[in-house]
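Commentary on secondary and tertiary structure
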Amino acid sequence: MKTVYTCFCTDVIHDGHLNIIEHAHQYGKVIVGALSDEALIRYNKFPTLSLDERIKLYQSIDGVEEVVVQDSIMYDGIIARLHPDYVVHGDNWREGPASAIRENVIGLLSAYGGELIEVGYTYSPAVSRIDHQLREKLAMPEYRRRRLRQLIELTPVVKVMEAHSGITGLIVEKTIVENEGKLDQFDAMWVSSLCDSTAKGKPDIELVDMSSRLRTIDDIMEVTTKPIILDGDTGGLTEHFVYNVRTLERMGVSAIIIEDKTGLKKNSLFGTEVEQTQAGIEEFSAKIRAGKQAQLTDDFMIIARIESLILERGMEDALTRAAAFTKAGADGIMIHSRKKDPAEILEFCDRFRETDKTTPIVVVPSSFNVITEDELAAHGVNIVIYANQLTRSAFPAMQKTAEDILRFHRAKEVDDRLMPIGQIIRLIEEI
Ligand code: SPV
Ligand code: MG
(Lines give C-alpha, C1' and ligand atoms only; values in the text may rest on other atoms or scores of the structure.)
(Ligands and ions follow the chains in the order given, each with its own letter.)
Protein backbone atom coordinates (compact mmCIF):
# COMPACT_ATOMS: atom_id res chain seq x y z
CA MET A 1 0.00 0.00 0.00
CA LYS A 2 1.39 3.42 -1.00
CA THR A 3 1.45 6.28 1.48
CA VAL A 4 0.12 9.75 0.78
CA TYR A 5 1.00 12.71 2.96
CA THR A 6 -0.76 16.06 3.26
CA CYS A 7 -0.18 18.80 5.83
CA PHE A 8 -3.04 20.84 7.32
CA CYS A 9 -2.76 24.18 9.08
CA THR A 10 -6.42 24.87 9.69
CA ASP A 11 -8.83 25.04 12.62
CA VAL A 12 -11.89 24.42 10.43
CA ILE A 13 -12.42 21.72 7.84
CA HIS A 14 -14.16 22.92 4.71
CA ASP A 15 -14.93 21.46 1.26
CA GLY A 16 -11.43 22.33 0.06
CA HIS A 17 -9.82 20.09 2.69
CA LEU A 18 -12.32 17.28 2.06
CA ASN A 19 -11.52 17.49 -1.64
CA ILE A 20 -7.80 17.11 -0.88
CA ILE A 21 -8.43 14.05 1.30
CA GLU A 22 -10.68 12.52 -1.35
CA HIS A 23 -7.95 12.99 -3.96
CA ALA A 24 -5.23 11.70 -1.65
CA HIS A 25 -7.28 8.62 -0.79
CA GLN A 26 -7.20 7.49 -4.43
CA TYR A 27 -3.40 7.09 -4.23
CA GLY A 28 -3.10 5.10 -0.99
CA LYS A 29 -3.11 5.33 2.77
CA VAL A 30 -3.61 8.96 3.84
CA ILE A 31 -1.44 10.47 6.58
CA VAL A 32 -2.31 14.02 7.62
CA GLY A 33 0.26 16.29 9.23
CA ALA A 34 -0.92 18.71 11.90
CA LEU A 35 1.39 21.71 11.83
CA SER A 36 2.65 22.56 15.33
CA ASP A 37 1.74 25.87 16.99
CA GLU A 38 5.35 27.08 16.79
CA ALA A 39 5.45 26.49 13.03
CA LEU A 40 1.95 27.84 12.45
CA ILE A 41 2.67 31.26 13.96
CA ARG A 42 5.67 31.77 11.66
CA TYR A 43 3.49 30.92 8.67
CA ASN A 44 0.14 32.57 8.21
CA LYS A 45 -2.22 31.50 10.91
CA PHE A 46 -2.61 31.74 14.63
CA PRO A 47 -4.35 28.70 16.10
CA THR A 48 -7.72 29.10 17.80
CA LEU A 49 -7.73 25.37 18.65
CA SER A 50 -5.00 23.56 20.57
CA LEU A 51 -2.76 21.10 18.74
CA ASP A 52 -4.63 18.22 20.43
CA GLU A 53 -7.96 19.59 19.26
CA ARG A 54 -6.63 19.99 15.74
CA ILE A 55 -5.31 16.41 15.75
CA LYS A 56 -8.73 15.12 16.86
CA LEU A 57 -10.44 17.22 14.19
CA TYR A 58 -8.23 15.81 11.43
CA GLN A 59 -8.65 12.25 12.77
CA SER A 60 -12.41 12.60 12.45
CA ILE A 61 -12.25 13.08 8.66
CA ASP A 62 -13.33 10.05 6.63
CA GLY A 63 -10.41 8.55 4.74
CA VAL A 64 -7.69 9.75 7.14
CA GLU A 65 -5.67 6.80 8.36
CA GLU A 66 -3.25 8.56 10.68
CA VAL A 67 -2.42 12.05 11.98
CA VAL A 68 1.16 13.04 12.81
CA VAL A 69 2.67 16.31 13.99
CA GLN A 70 4.76 18.33 11.54
CA ASP A 71 6.88 20.65 13.65
CA SER A 72 8.45 22.78 10.96
CA ILE A 73 6.98 24.67 8.02
CA MET A 74 9.54 23.08 5.70
CA TYR A 75 9.10 19.35 5.05
CA ASP A 76 12.67 18.05 5.62
CA GLY A 77 11.97 16.37 8.96
CA ILE A 78 8.59 14.91 8.12
CA ILE A 79 9.65 13.55 4.72
CA ALA A 80 12.78 11.98 6.22
CA ARG A 81 10.52 10.32 8.79
CA LEU A 82 7.65 9.14 6.60
CA HIS A 83 9.14 8.81 3.12
CA PRO A 84 5.69 9.15 1.56
CA ASP A 85 5.17 7.99 -2.02
CA TYR A 86 3.05 11.08 -2.62
CA VAL A 87 2.56 14.53 -1.12
CA VAL A 88 -0.78 16.14 -1.92
CA HIS A 89 -1.33 19.90 -1.68
CA GLY A 90 -3.70 22.54 -3.03
CA ASP A 91 -2.30 24.40 -6.04
CA ASN A 92 -2.65 27.75 -4.25
CA TRP A 93 0.96 27.62 -3.03
CA ARG A 94 2.53 28.34 -6.43
CA GLU A 95 2.61 32.10 -5.80
CA GLY A 96 3.93 34.19 -2.93
CA PRO A 97 5.99 33.14 0.08
CA ALA A 98 4.39 29.65 0.22
CA SER A 99 6.09 28.83 -3.10
CA ALA A 100 9.31 28.36 -1.08
CA ILE A 101 7.61 25.47 0.73
CA ARG A 102 6.57 24.00 -2.62
CA GLU A 103 10.17 24.15 -3.88
CA ASN A 104 11.32 22.47 -0.67
CA VAL A 105 8.84 19.61 -1.12
CA ILE A 106 9.68 19.11 -4.80
CA GLY A 107 13.40 18.94 -3.96
CA LEU A 108 12.91 16.45 -1.14
CA LEU A 109 10.59 14.16 -3.14
CA SER A 110 12.82 14.11 -6.21
CA ALA A 111 15.69 12.75 -4.10
CA TYR A 112 13.96 9.39 -3.79
CA GLY A 113 11.37 9.37 -6.58
CA GLY A 114 8.38 10.59 -4.55
CA GLU A 115 5.70 12.57 -6.35
CA LEU A 116 3.86 15.83 -5.71
CA ILE A 117 0.17 15.90 -6.57
CA GLU A 118 -1.47 19.32 -6.74
CA VAL A 119 -5.21 19.59 -6.38
CA GLY A 120 -7.10 22.62 -7.76
CA TYR A 121 -7.89 24.95 -4.85
CA THR A 122 -11.60 25.10 -4.04
CA TYR A 123 -12.76 28.68 -4.56
CA SER A 124 -16.37 28.70 -3.41
CA PRO A 125 -18.51 31.16 -1.47
CA ALA A 126 -18.78 28.63 1.39
CA VAL A 127 -14.98 28.20 1.59
CA SER A 128 -14.30 31.97 1.49
CA ARG A 129 -16.96 32.45 4.15
CA ILE A 130 -15.20 30.00 6.47
CA ASP A 131 -11.81 31.62 5.83
CA HIS A 132 -13.36 34.99 6.57
CA GLN A 133 -15.06 33.75 9.74
CA LEU A 134 -11.75 32.39 11.02
CA ARG A 135 -10.07 35.73 10.48
CA GLU A 136 -12.94 37.55 12.21
CA LYS A 137 -12.67 35.17 15.16
CA LEU A 138 -8.99 36.05 15.57
CA ALA A 139 -9.90 39.75 15.52
CA MET A 140 -12.36 39.36 18.41
CA PRO A 141 -11.19 41.00 21.67
CA GLU A 142 -11.01 37.79 23.69
CA TYR A 143 -8.80 36.03 21.10
CA ARG A 144 -6.63 39.01 20.26
CA ARG A 145 -6.06 40.08 23.85
CA ARG A 146 -4.63 36.76 25.08
CA ARG A 147 -2.52 36.18 22.02
CA LEU A 148 0.47 38.15 23.31
CA ARG A 149 0.80 35.93 26.40
CA GLN A 150 0.43 32.88 24.15
CA LEU A 151 3.17 34.17 21.85
CA ILE A 152 5.57 34.74 24.76
CA GLU A 153 5.13 31.05 25.59
CA LEU A 154 5.35 29.87 21.99
CA THR A 155 8.27 31.73 20.52
CA PRO A 156 11.78 32.54 21.78
CA VAL A 157 11.30 36.19 20.83
CA VAL A 158 8.08 38.04 20.01
CA LYS A 159 8.73 40.40 17.10
CA VAL A 160 6.71 43.60 17.20
CA MET A 161 6.45 46.28 14.53
CA GLU A 162 5.09 49.80 14.82
CA ALA A 163 1.67 50.62 13.34
CA HIS A 164 -0.14 53.96 13.44
CA SER A 165 -3.00 53.56 10.93
CA GLY A 166 -5.06 50.95 9.12
CA ILE A 167 -2.57 50.72 6.28
CA THR A 168 0.53 50.36 8.47
CA GLY A 169 -1.43 47.80 10.50
CA LEU A 170 -2.04 45.86 7.29
CA ILE A 171 1.65 45.91 6.47
CA VAL A 172 2.47 44.41 9.87
CA GLU A 173 -0.39 41.94 9.54
CA LYS A 174 0.43 40.67 6.07
CA THR A 175 4.14 40.96 5.41
CA ILE A 176 5.63 37.48 5.17
CA VAL A 177 9.13 36.84 3.84
CA GLU A 178 11.02 33.74 2.88
CA ASN A 179 14.58 33.86 4.12
CA GLU A 180 17.19 31.10 4.32
CA GLY A 181 14.55 28.44 3.76
CA LYS A 182 12.21 29.75 6.46
CA LEU A 183 9.12 31.89 6.45
CA ASP A 184 8.85 34.77 8.86
CA GLN A 185 6.48 37.53 9.88
CA PHE A 186 5.83 39.95 12.73
CA ASP A 187 3.91 38.69 15.75
CA ALA A 188 2.34 41.88 17.09
CA MET A 189 1.92 45.63 16.67
CA TRP A 190 3.25 48.56 18.71
CA VAL A 191 1.13 51.68 18.75
CA SER A 192 3.97 54.08 19.37
CA SER A 193 3.34 57.48 20.96
CA LEU A 194 6.08 58.92 18.74
CA CYS A 195 4.63 57.62 15.48
CA ASP A 196 0.97 58.17 16.39
CA SER A 197 1.85 61.79 17.28
CA THR A 198 4.08 62.23 14.22
CA ALA A 199 1.32 60.98 11.89
CA LYS A 200 -0.81 63.79 13.30
CA GLY A 201 1.97 66.35 12.97
CA LYS A 202 2.17 66.73 16.76
CA PRO A 203 5.10 66.47 19.20
CA ASP A 204 5.48 63.32 21.32
CA ILE A 205 4.58 64.98 24.65
CA GLU A 206 1.28 63.24 25.56
CA LEU A 207 -0.47 65.97 23.58
CA VAL A 208 -2.39 63.44 21.45
CA ASP A 209 -4.98 62.44 24.03
CA MET A 210 -6.27 58.98 24.89
CA SER A 211 -9.48 59.38 22.84
CA SER A 212 -7.38 59.97 19.76
CA ARG A 213 -5.00 57.09 20.62
CA LEU A 214 -8.02 54.79 21.01
CA ARG A 215 -9.29 55.93 17.61
CA THR A 216 -5.94 54.93 16.07
CA ILE A 217 -6.13 51.54 17.77
CA ASP A 218 -9.67 51.05 16.51
CA ASP A 219 -8.61 51.89 12.92
CA ILE A 220 -5.89 49.24 13.19
CA MET A 221 -8.16 46.69 14.85
CA GLU A 222 -10.78 46.98 12.15
CA VAL A 223 -8.46 45.53 9.52
CA THR A 224 -6.06 43.27 11.42
CA THR A 225 -5.96 40.34 13.86
CA LYS A 226 -2.51 40.53 15.46
CA PRO A 227 -2.11 41.56 19.10
CA ILE A 228 -1.53 45.18 20.02
CA ILE A 229 0.85 46.68 22.57
CA LEU A 230 0.04 50.29 23.38
CA ASP A 231 2.75 52.77 24.20
CA GLY A 232 0.90 54.37 27.14
CA ASP A 233 3.52 57.10 27.82
CA THR A 234 3.47 57.80 31.60
CA GLY A 235 0.00 56.27 31.98
CA GLY A 236 -1.21 59.74 33.03
CA LEU A 237 -2.95 60.28 36.35
CA THR A 238 -3.50 57.04 38.26
CA GLU A 239 -7.16 58.02 38.62
CA HIS A 240 -7.40 58.10 34.79
CA PHE A 241 -5.10 55.14 34.19
CA VAL A 242 -7.47 52.66 35.86
CA TYR A 243 -10.28 53.65 33.48
CA ASN A 244 -7.99 53.37 30.49
CA VAL A 245 -6.89 49.88 31.54
CA ARG A 246 -10.52 48.76 31.51
CA THR A 247 -11.15 50.37 28.12
CA LEU A 248 -8.07 48.84 26.51
CA GLU A 249 -8.89 45.44 27.93
CA ARG A 250 -12.45 45.62 26.64
CA MET A 251 -11.20 46.59 23.17
CA GLY A 252 -8.88 43.59 23.04
CA VAL A 253 -5.53 45.37 23.44
CA SER A 254 -3.00 42.90 24.91
CA ALA A 255 -0.68 45.17 26.83
CA ILE A 256 0.09 48.73 27.81
CA ILE A 257 3.64 49.84 28.50
CA ILE A 258 3.95 52.80 30.86
CA GLU A 259 7.19 54.64 31.56
CA ASP A 260 8.40 55.82 34.94
CA LYS A 261 8.33 59.52 34.20
CA THR A 262 6.27 62.31 35.64
CA GLY A 263 5.34 65.83 34.54
CA LEU A 264 5.81 66.82 30.92
CA LYS A 265 6.98 63.71 29.08
CA LYS A 266 9.42 64.10 26.20
CA ASN A 267 10.58 61.36 23.86
CA SER A 268 13.24 59.14 25.43
CA LEU A 269 15.55 59.49 22.45
CA PHE A 270 16.20 63.11 23.58
CA GLY A 271 17.73 61.58 26.72
CA THR A 272 19.23 64.26 28.99
CA GLU A 273 19.23 66.91 26.22
CA VAL A 274 15.81 68.03 27.48
CA GLU A 275 14.37 68.24 30.97
CA GLN A 276 12.56 65.06 31.97
CA THR A 277 11.64 63.90 35.46
CA GLN A 278 11.68 60.28 36.54
CA ALA A 279 8.79 59.20 38.75
CA GLY A 280 9.54 58.00 42.27
CA ILE A 281 9.64 54.23 42.79
CA GLU A 282 6.74 54.19 45.24
CA GLU A 283 4.61 56.61 43.19
CA PHE A 284 5.06 54.52 40.03
CA SER A 285 4.58 51.21 41.86
CA ALA A 286 1.25 52.54 43.16
CA LYS A 287 0.16 53.28 39.59
CA ILE A 288 1.04 49.74 38.52
CA ARG A 289 -0.82 48.25 41.51
CA ALA A 290 -3.92 50.37 40.77
CA GLY A 291 -3.89 49.27 37.12
CA LYS A 292 -3.53 45.60 38.03
CA GLN A 293 -6.39 45.89 40.47
CA ALA A 294 -8.60 47.52 37.86
CA GLN A 295 -8.12 44.89 35.16
CA LEU A 296 -10.72 42.17 34.86
CA THR A 297 -9.14 39.45 32.74
CA ASP A 298 -5.95 37.45 33.28
CA ASP A 299 -4.86 38.20 29.73
CA PHE A 300 -4.09 41.90 29.82
CA MET A 301 -0.51 42.93 30.63
CA ILE A 302 0.78 46.08 32.28
CA ILE A 303 4.46 46.43 31.46
CA ALA A 304 6.69 48.84 33.37
CA ARG A 305 9.23 50.80 31.35
CA ILE A 306 12.35 51.93 33.14
CA GLU A 307 14.02 55.16 32.05
CA SER A 308 17.05 55.06 34.38
CA LEU A 309 19.55 54.39 31.57
CA ILE A 310 17.97 57.03 29.32
CA LEU A 311 18.18 59.60 32.13
CA GLU A 312 21.68 58.42 33.13
CA ARG A 313 20.71 57.38 36.63
CA GLY A 314 22.73 54.19 36.46
CA MET A 315 22.37 50.44 36.29
CA GLU A 316 21.75 49.93 40.01
CA ASP A 317 18.78 52.30 39.88
CA ALA A 318 17.38 50.45 36.83
CA LEU A 319 17.69 47.08 38.58
CA THR A 320 16.19 48.35 41.84
CA ARG A 321 13.24 49.71 39.91
CA ALA A 322 12.81 46.50 37.93
CA ALA A 323 12.56 44.50 41.15
CA ALA A 324 10.18 47.02 42.73
CA PHE A 325 7.88 47.28 39.72
CA THR A 326 7.73 43.50 39.34
CA LYS A 327 6.83 43.24 43.01
CA ALA A 328 4.08 45.83 42.45
CA GLY A 329 2.55 43.48 39.88
CA ALA A 330 4.07 44.53 36.53
CA ASP A 331 3.66 41.74 33.97
CA GLY A 332 6.87 42.67 32.19
CA ILE A 333 9.80 45.08 32.26
CA MET A 334 10.84 47.26 29.35
CA ILE A 335 14.37 48.58 29.61
CA HIS A 336 15.32 51.41 27.29
CA SER A 337 18.62 52.91 26.14
CA ARG A 338 19.67 55.37 23.50
CA LYS A 339 23.23 54.18 23.24
CA LYS A 340 24.43 52.67 19.98
CA ASP A 341 26.27 49.97 21.88
CA PRO A 342 23.88 47.39 23.33
CA ALA A 343 26.26 46.65 26.26
CA GLU A 344 24.19 48.38 28.96
CA ILE A 345 20.98 46.69 27.78
CA LEU A 346 22.67 43.29 27.86
CA GLU A 347 24.15 43.94 31.28
CA PHE A 348 20.70 44.87 32.59
CA CYS A 349 19.12 41.74 31.09
CA ASP A 350 21.84 39.41 32.43
CA ARG A 351 21.66 40.88 35.92
CA PHE A 352 17.86 40.97 36.00
CA ARG A 353 17.76 37.34 34.91
CA GLU A 354 20.09 36.33 37.77
CA THR A 355 17.19 36.79 40.16
CA ASP A 356 14.12 36.77 37.91
CA LYS A 357 13.89 33.99 35.35
CA THR A 358 10.33 34.54 34.20
CA THR A 359 9.14 38.16 34.03
CA PRO A 360 9.18 39.05 30.32
CA ILE A 361 11.79 41.59 29.23
CA VAL A 362 10.96 44.04 26.44
CA VAL A 363 13.51 46.07 24.47
CA VAL A 364 13.30 48.71 21.72
CA PRO A 365 16.51 48.52 19.69
CA SER A 366 16.20 51.81 17.77
CA SER A 367 19.65 53.11 18.73
CA PHE A 368 21.37 49.80 19.53
CA ASN A 369 20.26 48.40 16.19
CA VAL A 370 23.26 46.19 15.42
CA ILE A 371 22.14 43.45 17.75
CA THR A 372 19.95 40.67 16.37
CA GLU A 373 16.77 39.20 17.83
CA ASP A 374 18.55 35.90 18.54
CA GLU A 375 21.36 37.64 20.44
CA LEU A 376 18.82 39.56 22.52
CA ALA A 377 16.86 36.35 23.20
CA ALA A 378 20.09 34.70 24.38
CA HIS A 379 20.26 37.38 27.10
CA GLY A 380 16.70 36.68 28.23
CA VAL A 381 14.77 39.21 26.11
CA ASN A 382 11.22 38.08 25.25
CA ILE A 383 9.82 40.96 23.18
CA VAL A 384 11.64 43.08 20.59
CA ILE A 385 9.83 46.20 19.39
CA TYR A 386 10.73 47.96 16.13
CA ALA A 387 9.22 51.21 17.35
CA ASN A 388 9.41 53.69 14.49
CA GLN A 389 10.99 52.19 11.35
CA LEU A 390 7.81 52.23 9.20
CA THR A 391 7.26 55.93 9.84
CA ARG A 392 10.92 56.75 9.28
CA SER A 393 11.02 54.87 5.98
CA ALA A 394 7.77 56.35 4.62
CA PHE A 395 8.54 59.96 5.45
CA PRO A 396 11.65 60.48 3.26
CA ALA A 397 9.95 58.64 0.37
CA MET A 398 6.92 60.94 0.51
CA GLN A 399 9.04 64.05 0.92
CA LYS A 400 11.18 63.20 -2.11
CA THR A 401 8.07 62.59 -4.23
CA ALA A 402 6.63 65.97 -3.20
CA GLU A 403 9.93 67.73 -4.02
CA ASP A 404 10.33 66.04 -7.41
CA ILE A 405 6.79 66.88 -8.55
CA LEU A 406 7.47 70.51 -7.66
CA ARG A 407 10.80 70.33 -9.48
CA PHE A 408 9.50 68.76 -12.72
CA HIS A 409 5.99 70.28 -12.81
CA ARG A 410 4.58 66.82 -13.51
CA ALA A 411 4.47 63.33 -11.95
CA LYS A 412 6.15 61.30 -14.72
CA GLU A 413 9.64 61.44 -13.13
CA VAL A 414 8.44 59.92 -9.87
CA ASP A 415 6.28 57.23 -11.43
CA ASP A 416 8.89 54.46 -11.45
CA ARG A 417 9.10 54.40 -7.69
CA LEU A 418 5.34 54.46 -7.08
CA MET A 419 3.13 51.51 -6.38
CA PRO A 420 1.08 50.88 -9.54
CA ILE A 421 -2.49 52.20 -9.37
CA GLY A 422 -3.80 48.68 -10.09
CA GLN A 423 -1.97 47.39 -7.04
CA ILE A 424 -3.12 50.07 -4.65
CA ILE A 425 -6.78 49.72 -5.52
CA ARG A 426 -6.53 45.99 -4.87
CA LEU A 427 -4.47 46.33 -1.71
CA ILE A 428 -7.51 46.54 0.48
CA GLU A 429 -9.73 43.48 0.34
CA GLU A 430 -13.43 44.06 0.00
CA ILE A 431 -15.90 41.97 1.92
C1 SPV B 1 7.75 55.33 21.01
O2 SPV B 1 7.83 54.62 19.99
O3 SPV B 1 6.98 56.29 21.10
C4 SPV B 1 8.59 55.04 22.17
C5 SPV B 1 9.89 54.40 21.97
O6 SPV B 1 8.20 55.39 23.25
S7 SPV B 1 11.04 55.70 21.88
O8 SPV B 1 10.65 56.59 20.82
O9 SPV B 1 12.34 55.10 21.64
O10 SPV B 1 11.04 56.39 23.17
MG1 MG C 1 6.59 56.70 23.24
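Given the structure is predicted, the values throughout are model-derived calculations rather than measurements.

The rules behind these values
Residues numbered from 1 in each chain as written. Chains lettered and ligands numbered in written order. Predicted model: local features only at pLDDT ≥ 70, side-chain atom pairs only at ≥ 80, totals over all residues. Heavy atoms only, no water. Helix = DSSP H or I, 4+ residues; strand = E, 2+ residues; numbered from the N terminus. Buried < 20%, exposed > 50% of the residue type's maximum accessible area, 1.4 Å probe, protein only. Contact = heavy atoms within 4.5 Å. Lys, Arg positive; Asp, Glu negative; His and termini not counted. Charge placed at Lys NZ, Arg CZ, Asp CG, Glu CD. Pairing = 2+ DSSP bridges. Axes fitted to C-alpha atoms, helices over the stretch in contact; angles between N-to-C directions. Near = heavy atom within 4 Å. Polar contact = N/O pair within 3.5 Å; in protein donor to acceptor, adjacent residues only side chain to side chain. Nonpolar A, V, L, I, M, F, W, Y, C, P; charged D, E, K, R; others polar. Domains from an automatic or database assignment. Buried area = accessible area lost by both parts, 1.4 Å probe. Donors = N, O, S within 2.8 Å, 3.2 Å for Na, K, Ca; no water. Right-handed = clockwise from strand over helix to strand, strands pointing away.

1. Some details on the overall build of the chain
Scanning the chain from N- to C-terminus turns up 17 helices and 17 strands. Seen through its C-alpha atoms, the chain measures out along the principal axes to roughly 75 × 65 × 40 Å. Expressed as a percentage of the 431 residues in the chain, the buried residues total 51%. For the chain, the proportion of contacts with a sequence separation of at least 24, taken over those separated by at least 6, is 74%. Charged side chains in the chain number 50 positive and 68 negative. The centres of these two groups are separated by 3 Å.

2. Remarks on the sheet that holds strand β16 (residues 361-363)
The strand order around the closed barrel formed by eight strands is β6-β9-β10-β11-β14-β15-β16-β17, and the pairing between neighbours is parallel. Each strand of the sheet is rotated relative to its neighbour by a mean of 25°, with strand direction disregarded. Where strand β15 (residues 332-335) and β16 come together, three bridges link them in parallel fashion. Paired with Met334 across the bridge in β16 is Val362.

3. A look at the site of ligand 1
With respect to spatial proximity, the complete set of residues near ligand 1 consists of Trp190, Ser192, Ser193, Leu194, Asp231, Asn267, Ser268, Leu269, Arg305, His336 and Ala387. Between ligand 1 and Asn267 there is a distance of 2.9 Å, counted from an oxygen atom to a side-chain nitrogen or oxygen. Within the contact set of ligand 1, an oxygen atom lies 2.8 Å away from a side-chain nitrogen or oxygen of His336. Its residues assigned to classes, the shell around ligand 1 comprises four nonpolar, five polar and two charged.

4. Here we look at the domain arrangement of the chain
As assigned here, the chain comprises domain 1 (3-128), domain 2 (140-387) and domain 3 (393-427). The gap between the C-alpha centroids of domain 1 and domain 2 is 37 Å. At the interface, 13 residues of domain 1 touch 15 residues of domain 2. With both chains or domains summed, domain 1 and domain 2 bury close to 1,300 Å², and 65% of this area falls on carbon and sulfur atoms. When residues of domain 1 are sorted by the area they lose upon contact with domain 2, Arg42, Phe46 and Pro97 head the list and together hold 50% of the total.

5. Quick look at the coordination of the magnesium ion (ligand 2)
Looking at the magnesium ion (ligand 2), the protein donor atoms are Ser193 (OG) and Asp231 (OD), and they sit 2.1 to 2.2 Å from it. With Ser193 in helix α9 (residues 193-199) and Asp231 in strand β10 (residues 228-231), this residue pair connects regions lying 38 residues apart in the sequence. Across the pair, exposure class does not vary: Ser193 and Asp231 are buried alike.

6. Here we look at the sheet that holds strand β3 (residues 66-70)
One open sheet holds the five strands; their spatial order is β3-β2-β1-β4-β5, and the pairing between them is parallel. Each end of this open sheet is capped by a strand with a single partner; those strands are β3 and β5 (115-119). In this sheet, neighbouring strand axes are inclined to one another by 30° on average, regardless of whether the strands run parallel or antiparallel. Relative to strand β4 (residues 86-90), strand β1 (residues 3-8) runs parallel, the two sharing two bridges. Counted as the bridge partner of Val4 is Tyr86 from β4. Running at roughly 160° to strand β2 (residues 29-35), helix α3 (residues 51-59) makes contact with β1, β2 and β3 of the sheet.

7. Here we look at unusual backbone geometry
Of note in this structure, Glu180 is not a glycine but carries a positive phi near 45°. Inspection of the secondary structure assignment puts Glu180 in the loop between β7 (176-179) and β8 (182-185). Glu180 gets classed as exposed once you look at its relative accessible area, which sits at 76%. Look at His409: it is not a glycine, yet its phi comes out positive at around 60°.

8. So, the pairing of β15
Burial along β15 is two-sided: the residues Gly332 and Met334 and Ile333 and Ile335 are all buried. In this sheet, β15 lies alongside strand β14 (residues 301-306) in parallel orientation, the contact comprising four bridges. Pairing of Ile306 across the sheet is with Ile335, part of β15. Crossover β14 to β15 through helix α13 (residues 315-327) is right-handed. Handedness of the crossover is the feature at issue here: the chain leaves β15, passes through helix α14 (residues 343-355), returns alongside β16, and the resulting connection is right-handed.

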